[in-house]
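# Structural characterization, general
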Amino acid sequence: MEKIRFGRTGLVVSKIAFGGIPIQRLSRADGIKLVREALDEGVNFIDTAHGYGQSEECIGEALIGRSRKEVILATKSPALDKVGFLANLEESLRRLKTDYIDIFQHHNISEKEKMEKVIGPDGAFEGMVQAIRQGKVRFPGFTSHILSVAAEMIKTDRFDTVQIPLNFIDHQALDEVIPLARERQMGMIAMKPLGGGLLDSARLCFRYLSQFPDLVPDPGIERIEELREILAVAKEKGPLTQQENKEIEEYRRLLGKTWCHRCDYCQPCPEGIPISMVLAAKSFARRMPFEAAVRFVGDSLKKAENCTECRTCVERCPYGLDIPVLLKERRASWEVFLQDRVWN
Ligand code: SF4
Ligand code: SF4
């Protein structure tokens, strides 16, 4: 398995990380088995989060009997304040059965207000500094869905790693965020390499990402076969072929008017509808256990019923999405999902 130096952290990580979101959908025994199989395939970089249900616990169990140094563990805390952050850290350490986290990330810093709380007085970053001093965290990082906020976070020069969405549809990070991170030699993680489970060609997704040798894609893995397929593609070198470029263009053409990039430029909606959450419902429904998905996005889908079709959001969306129509479609699919418990 190819390994790369992960930016200025100096860590040596597998070129593909193991994303721990989908473990939530498995039984405990299957989750543990899956992590062990991934390690046996040569993946040494595991990324999870405090909020991913039993994910941290499965990973902790899977590591029993292995040398801790064999594995690079990354996890995340959603806390904005120091006290909450340190409490999350202790819980993650306990669940992962370790006394240090290699990369601890502030999770989903996607609004300026969140960023200001995290880096402000008594904010979570103060907890990060304390944890590093105590040897409980090696490197500070963050994740974000909103590129403008990610750029601001990078410019604070406080973080060694950044995790942002990147795939052949969501490629806007290449314009500013990736160059800023590269200048600083940060470790870079590509979140949603498969478009949050919505792009069905793993081959094309990972061929596209193989163009960026300093970036580590972090696919959520639910079955070992998925990981094996990705690892096989990752071995293929060389530029994209004409045919591959054509296929990517075709995907972009087909999805262009329906794909939400979660940039939130359409906000604020006068009815308080969290548009990007509603439009991402299918991705959550596919990657989370049924109950967790309902808890996570059910309220947003409910709010979508209040759309007055004023179209203020449509004028603001840089991608020209017909948001009221898409909201209606998502709501209809959601009703089916509530009955069938699967979203096809
Ligand atoms: S069209 Fe609907 S979603 Fe868009 S701003 Fe108006 S109420 Fe909100
Ligand atoms: S609907 Fe458009 S503006 Fe709103 S988050 Fe999605 S892509 Fe961005």
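Refer to the structure printed above.
The present account deals with the structure reproduced in this document. Everything numeric here is computed off the predicted structure, so don't read it as measured data. (Residues numbered from 1 in each chain as written. Chains lettered and ligands numbered in written order. Predicted model: local features only at pLDDT ≥ 70, side-chain atom pairs only at ≥ 80, totals over all residues.)

## Concerning helix 3 (residues 82-96)
- Here helix 3 contains 15 residues, and its C-alpha end-to-end distance of 21 Å stays within 8% of the 21 Å for a straight helix at 1.5 Å per residue.
- Considered for burial, the residues of helix 3 that qualify are Lys-82, Phe-85, Leu-86, Asn-88, Leu-89, Ser-92, Leu-93 and Leu-96. Looking straight down helix 3, one finds that the buried residues subtend no more than 160° of arc, so they occupy a single side. Exposed residues on helix 3 whose side chains face more than 90 degrees from its buried face are Val-83, Glu-90 and Arg-94.
- Where helix 3 is buried, its residues meet helix 2 (55-62), strand 5 (72-77), strand 6 (101-106) and helix 5 (124-133). (Helix = DSSP H or I, 4+ residues; strand = E, 2+ residues; numbered from the N terminus. Expected span 1.5 Å × (residues − 1). Buried ≥ 20, exposed ≤ 12 C-beta atoms within 10 Å, placed from the backbone. Arc of directions from axis to C-beta. Contact = placed C-beta atoms within 7 Å.)

## Concerning the sheet that holds strand 4 (residues 45-47)
- The strand order across the open sheet formed by 8 strands is 3-4-5-6-7-8-9-10, and the pairing between neighbours is parallel. Of all strands in the sheet, those with a lone pairing partner are strand 3 (18-19) and strand 10 (215-217), marking the two edges. (Pairing = 2+ DSSP bridges.)

## Considerations on the packing of helix 1 (residues 28-40) against helix 2
- Where helix 1 contacts helix 2, the axes come no closer than 8 Å and their chain directions differ by 60°. For the element pair helix 1 / helix 2, the angle class is oblique. Of the two possible hands of crossing, helix 1 and helix 2 adopt the one that is right-handed. Residue-level contacts link Arg-28, Gly-31, Ile-32, Val-35 and Arg-36 of helix 1 to Cys-58, Ile-59, Glu-61 and Ala-62 of helix 2.
- Class assignment for the residues of the contact of helix 1 with helix 2 results in 5 nonpolar, 1 polar and 3 charged. (Axes fitted to C-alpha atoms, helices over the stretch in contact; angles between N-to-C directions. Parallel < 35°, antiparallel > 145°, perpendicular 65-115°, else oblique. Left-handed = near helix turned anticlockwise from the far one by under 90°. Nonpolar A, V, L, I, M, F, W, Y, C, P; charged D, E, K, R; others polar.)

## Some words on the site of ligand 1
- Cys-269, Cys-307, Cys-310, Thr-312 and Cys-313 are the nearest of the 14 residues found near ligand 1.
- Taken together, the elements giving at least two residues each to the shell around ligand 1 come down to helix 14 (312-316) and helix 15 (323-340). (Near = placed C-beta within 6 Å.)

## Comments concerning the site of ligand 2
- Taken together, the neighbourhood of ligand 2 is formed by 14 residues, with Cys-260, Cys-263, Cys-266, Ser-276 and Cys-317 sitting nearest.
- Among the elements that make up the shell around ligand 2, the one with the highest residue count is helix 11 (residues 275-279) (3 residues).
- Here the residues of the shell around ligand 2 sort into 10 nonpolar, 2 polar and 2 charged.

## Things to note about the pairing of strand 5
- Of all 6 residues that make up strand 5, 6 are buried, and the element is covered over most of its length.
- Alignment of strand 4 against strand 5, held across 3 bridges, turns out to be parallel. Residue pairing in the sheet places Ile-46 in a bridge with Leu-73 of strand 5.
- Note that the unit made of strand 4, helix 2 and strand 5 has a crossover that is right-handed.
- For the segment spanning strand 5, helix 3 and strand 6, crossover handedness is right-handed. (Right-handed = clockwise from strand over helix to strand, strands pointing away.)

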